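What follows is each chain in one-letter form.
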Amino acid sequence: MSATTAPGGPSEDGAQIIPLHAATGREDGPPGDRNADDRLAEVLAFLRRRLAGEYEIDEFGFDPDLNDTVLLELLRPLYRHWFRVETVGLENVPADSGALVVANHSGTLPMDALMLQVALHDEAHRPLRLLGAHLVYQLPVLGHLARKSGHTLACREDADRLLRKGELVGVFPEGFKGIGKPFSERYRLQRFGRGGFVASAIHAGVPIIPCAIVGAEEIYPKIGDFRSLARLLGLPYLPITPFFPWLGPLGLVPLPSKWMISFGEPIRTDEYGPDDADDPMLVFDLTDHVRETIQGQLDALRLRRGPAFPVA
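Residues numbered from 1 in each chain as written. Predicted model: local features only at pLDDT ≥ 70, side-chain atom pairs only at ≥ 80, totals over all residues. Heavy atoms only, no water.

*Asks:* Where do I start with the overall build of the protein chain in this structure?
*Replies:* Per the secondary structure count, the protein chain includes 10 helices and 11 strands. Relative to its 312 residues, the protein chain shows a buried fraction of 47%. Taking the intrachain contacts of the protein chain between residues at least 6 apart in sequence as the baseline, contacts between residues at least 24 apart amount to 73%. Counting only carbon and sulfur atoms, one obtains 59% of the accessible surface of the protein chain, whose full area is about 15,800 Å². (Helix = DSSP H or I, 4+ residues; strand = E, 2+ residues; numbered from the N terminus. Buried < 20%, exposed > 50% of the residue type's maximum accessible area, 1.4 Å probe, protein only. Contact = heavy atoms within 4.5 Å. Areas by Shrake-Rupley, 256 points an atom, 1.4 Å probe, with all protein chains shown as cover.)

This is the structure we're talking about:
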């Protein structure tokens, strides 16, 4: 077996075989373990691939090479050193088959979506295809980068196509109601919409992975809202926090809360037929079950984490 395909472990002569990433050709070890020389070599190899056109972009605009080498690399300092993210229950994430990761949403800015993406890429070695709101793709730079990092529009058609391809898809059913809620309602799940994510999972016959994220609620404590200005700008909300807008750009620096991400036991949908996705009562019951499961995970995970800002 060659070094580029081995899943890791010793070779016949006793040497350690380290697998290479399919998109970038680099070693698949923990990103935080690479030294400066390794990272420089990766950057130079990345530039060579870009100049030679040796990279692929899928039908949704996902660019794995750019995402792995540049976009996720920019997020890792936040993930590892600022929020000090810990993960629980990674064994519940399928290794190579389709699944729908359903998570709570919070934090005023959708930082939780990005940290979840890093967690699954670095810890479970799977790219997460996030489903985003229309507003994201109306913003020129942000919309373009979202597509490059594997995100796509939160619609049933895109979700079904990705799940049928065996992708790991992420969704936040609370939407803007979740990330825009006041600090006084932290860790209380908002309504989960009409259950479109459940219908997509049933159609594709993939499991739903309930996911709880603790820590995002404290990064931008929302204590008020510039509602009139938000409507004028076409935004769902424009938050007031203890630091924004009073400290200007410094108020946009997230507070260094301690994060934990938990992946619960899969909720199977393969026992249903495709027609069941159009049964509103079944979809409602499953949606409510997923919501209650995540709320229970959140309550338990908050106790496990302890203080949001622990004294080191």
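*Asks:* Which parts of the structure should I look at to understand the side chain of Glu174?
*Replies:* Here Glu174 is to be found in the loop between β7 (168-171) and α7 (176-179). As a buried residue without a salt bridge, Glu174 has its nearest oppositely charged side chain in Lys181, at a separation of 4.3 Å. The residues contacting Glu174, other than those within four sequence positions of it, are Asn104, His105, Lys181, Arg188, Leu189, Gln190, Arg191 and Phe192. (Lys, Arg positive; Asp, Glu negative; His and termini not counted. Salt bridge = Lys/Arg side-chain N within 4 Å of Asp/Glu carboxyl O.)

*Asks:* Would you take a moment to explain the pattern of salt bridges for this structure?
*Replies:* Counted by the stated rule, this structure contains 20 salt bridges. Where Arg76 meets Glu73, a salt bridge forms, and the shortest distance between an N and an O atom there is 2.5 Å. On the criterion of helical spacing, the pair formed by Arg76 and Glu73 is a turn pair, its members being three residues apart in helix α2 (residues 64-82). Judged by its relative accessible area of 4%, Arg76 is buried.

*Asks:* Please explain the sheet that holds strand β3 (residues 86-88) as it appears in this structure.
*Replies:* Two orientations exist for strands paired in a sheet by backbone hydrogen bonds: parallel and antiparallel. What the seven strands build is an open sheet, ordered β3-β11-β8-β4-β7-β5-β6; its pairing is mixed. A single partner strand is all that each edge strand has here, and the edge strands are β3 and β6 (152-153). Direction of pairing for strand β4 (residues 99-103) relative to β7: parallel, over a ladder of four bridges. Paired with Val101 across the strands is Gly170, a residue of β7. Sitting on the sheet, helix α10 (residues 280-305) is in contact with β3, β4, β8 (208-214) and β11 (260-263), with an inclination near 35° to β8. (Pairing = 2+ DSSP bridges. Axes fitted to C-alpha atoms, helices over the stretch in contact; angles between N-to-C directions.)

*Asks:* Help me out: how do you make sense of the environment of His289 in this one?
*Replies:* Mapped onto the elements of the fold, His289 is located in helix α10. Considered as a pair, His289 and Ile267 are 22 residues apart in the sequence and their alpha carbons are 9.3 Å apart.

*Asks:* Hey, could you run me through the packing of aromatic side chains in this one?
*Replies:* With the rule as written, the count across this model stands at two aromatic pairs. Between Phe83 and Trp259 the ring centres are 4.6 Å apart and the planes differ by 25°, which places this aromatic pair in the stacked class. Within this pair, whereas Phe83 is found in the loop between α2 and β3, its partner Trp259 is found in the loop between β10 (239-240) and β11, the two being separated by 176 residues in sequence. With relative accessibility at 0%, the residue Phe83 sits in the buried group. (Phe/Tyr/Trp six-rings, centres within 6.5 Å; stacked < 30°, edge-to-face > 60°.)

*Asks:* Looking at this structure, how should I read unusual backbone geometry?
*Replies:* What is expected of a backbone is that most residues other than glycine have negative phi and most peptide bonds are trans. Cis geometry marks the peptide bond from Phe244 to Pro245, where omega comes out at 10°. By secondary structure assignment, the location of Pro245 is in the loop between β10 and β11. The backbone of Arg84 sits at a positive phi, close to 50°, despite the residue not being glycine. Secondary-structure assignment places Arg84 in the loop between α2 and β3. Residue classification places Arg84 among the partly exposed positions, given a relative accessible area of 28%. Residues other than glycine seldom take positive phi values, yet Tyr187 does so here, at roughly 60°. When you line up the elements, Tyr187 lands in the loop between α7 and α8 (196-204). The class of Tyr187 is buried, set by a relative accessible area of 2%.

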